[in-house]
Amino acid sequence: MTILVNPWRGIGLDIPELEDIPAPSTDATRVRALLTRCPVHERTPLTHAPALHPGLWLKDERNRMGLGSFKALGAAYVIACDAEEGQAEGRTYVTASAGNHGLSVAAGAAAFGAKAQVYIARNVPEAFAERLREIGAEVIRAGNDYEQSMQAAGSAAAAGAGLLLSDSSWPGYTARPHRLMEGYLALMAEAIEQLPEAPDGVFLQAGVGGFAGAMAALVRQTWGDAPKIAVVEPAFAPALQSSIAEGKPVMARGPASSMGRLDCKEPSLIALKGLARDADYFITLTEDEAAAATRAMTDAGFATTPSGAAGYAGIVASRLPPEAKLLAFLTEGPE
């Protein structure tokens, strides 16, 4: 485990690579209005979990809209917005996924008369590919990791296969990931309403950083500087921590992580711009730390994966006092 104190906190990275990149949205109004019209939407629970830490509150996303993770609020929200504008029906959405993002694209496409083409790496379990097919997606295996499957998806979209819908962002590709991150705000808005008081600390797991960037932006808008925000990544994929340390976007290096949903080697630039301003700490977890946290959560009745347990693992690694009031996110159920 390593902890980096963010030297850019409250200032943000003022560098050419981020000059034309938008900061994360803090407007949850549109996504919450759309959710009120969704027949499968229900507010997910916020649960006090003293067996894990006396002051811990867990936002449990394991049953979000029947898809099993917070990602249900992302790509599907983008497609819903397209549908409102009459642009979804008959369209093909092309993406790459290491997990739940692909399910959200597939579900959104199925709901609004569109098609989904999802690229997955060769090491993604076949059971996940079958789940995508069951929803109606065309599944294409390409590359040995997420980055390579993302390159394949981008090439296919550029060649006319369909519209690229990524949960990451880079120069020239920001509008859709910005809206996708806006979709995640619904769950933070719910947590704000459900919490009995403002937390002292908020722990956010990150892959490319879209979830963490959206959550952190709304935390700052709501509670200002008071809560400390920690971003938690695998030690094998420290894309955000490395970029913050270098003061510029960098590609992280490392082997494959058991935290597969978070095993992303390159940060989303929208997320990096927001988190450089909003996050206080960047934490990396070893594989053993993630595994121990997963076992502890399962034993406490919160069955999940190493990715879903990563926020809590960051709390364990930080050794916070029992009186601390903490918010973490149980982002997905067990595989």
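Summary of the structure given here.

Cut-offs and rules
- Residues numbered from 1 in each chain as written.
- Predicted model: local features only at pLDDT ≥ 70, side-chain atom pairs only at ≥ 80, totals over all residues.
- Heavy atoms only, no water.
- Helix = DSSP H or I, 4+ residues; strand = E, 2+ residues; numbered from the N terminus.
- Buried < 20%, exposed > 50% of the residue type's maximum accessible area, 1.4 Å probe, protein only.
- Contact = heavy atoms within 4.5 Å.
- Areas by Shrake-Rupley, 256 points an atom, 1.4 Å probe, with all protein chains shown as cover.
- Lys, Arg positive; Asp, Glu negative; His and termini not counted.
- Charge placed at Lys NZ, Arg CZ, Asp CG, Glu CD.
- Phe/Tyr/Trp six-rings, centres within 6.5 Å; stacked < 30°, edge-to-face > 60°.
- Pairing = 2+ DSSP bridges.
- Axes fitted to C-alpha atoms, helices over the stretch in contact; angles between N-to-C directions.

We now examine the overall build of the protein chain. Of the regular secondary structure elements, the protein chain holds eleven helices and eleven strands. Each principal axis of the C-alpha distribution contributes one length, and for the protein chain these read about 55 × 45 × 35 Å. Evaluated residue by residue, the protein chain yields a buried proportion of 58% over its 335 residues. Sequence separation of 24 or more characterises 73% of the internal contacts of the protein chain that already satisfy a separation of 6 or more. A total accessible area of about 13100 Å² is found for the protein chain, and carbon and sulfur atoms account for 52% of it. Averaging the locations of the 28 positively and 38 negatively charged side chains of the protein chain gives two centres separated by 2 Å.

Counted under the stated rule, the structure contains three aromatic pairs. With a centroid separation of 4.6 Å and 20° between ring planes, the pair formed by W170 and Y173 is classed as stacked. Centroid distance F211 to F329: 5.4 Å. Interplanar angle 80°. Geometry classified as edge-to-face. You can see F211 sitting in helix α7 (residues 210–223) and its partner F329 sitting in strand β11 (residues 326–330), a full 118 residues away along the chain. The exposure class assigned to F329 is buried, which follows from its relative accessible area of 1%. Ring pairs connect the aromatic residues Y184, F211 and F329, which therefore count as one cluster.

This part is about the sheet that holds strand β6 (residues 138–141). Judged by pairing direction, the sheet is parallel, and its four strands sit side by side in the order β6-β5-β4-β7 without closing on themselves. Two strands lie at the open edges of the sheet, namely β6 and β7 (163–164), each paired on one side alone. Judged from the four bridges that link them, strand β5 (residues 115–120) and β6 form a sheet pairing that is parallel. Counterpart to Q117 in the pairing with β6 is E138. Along the sheet, helix α3 (residues 100–111) contacts β4 (92–96) and β5; its crossing angle with β5, the most-contacted strand, is approximately 165°. Across the sheet, helix α5 (residues 146–158) touches β4, β5 and β7, and the angle it forms with β4 is around 155°.

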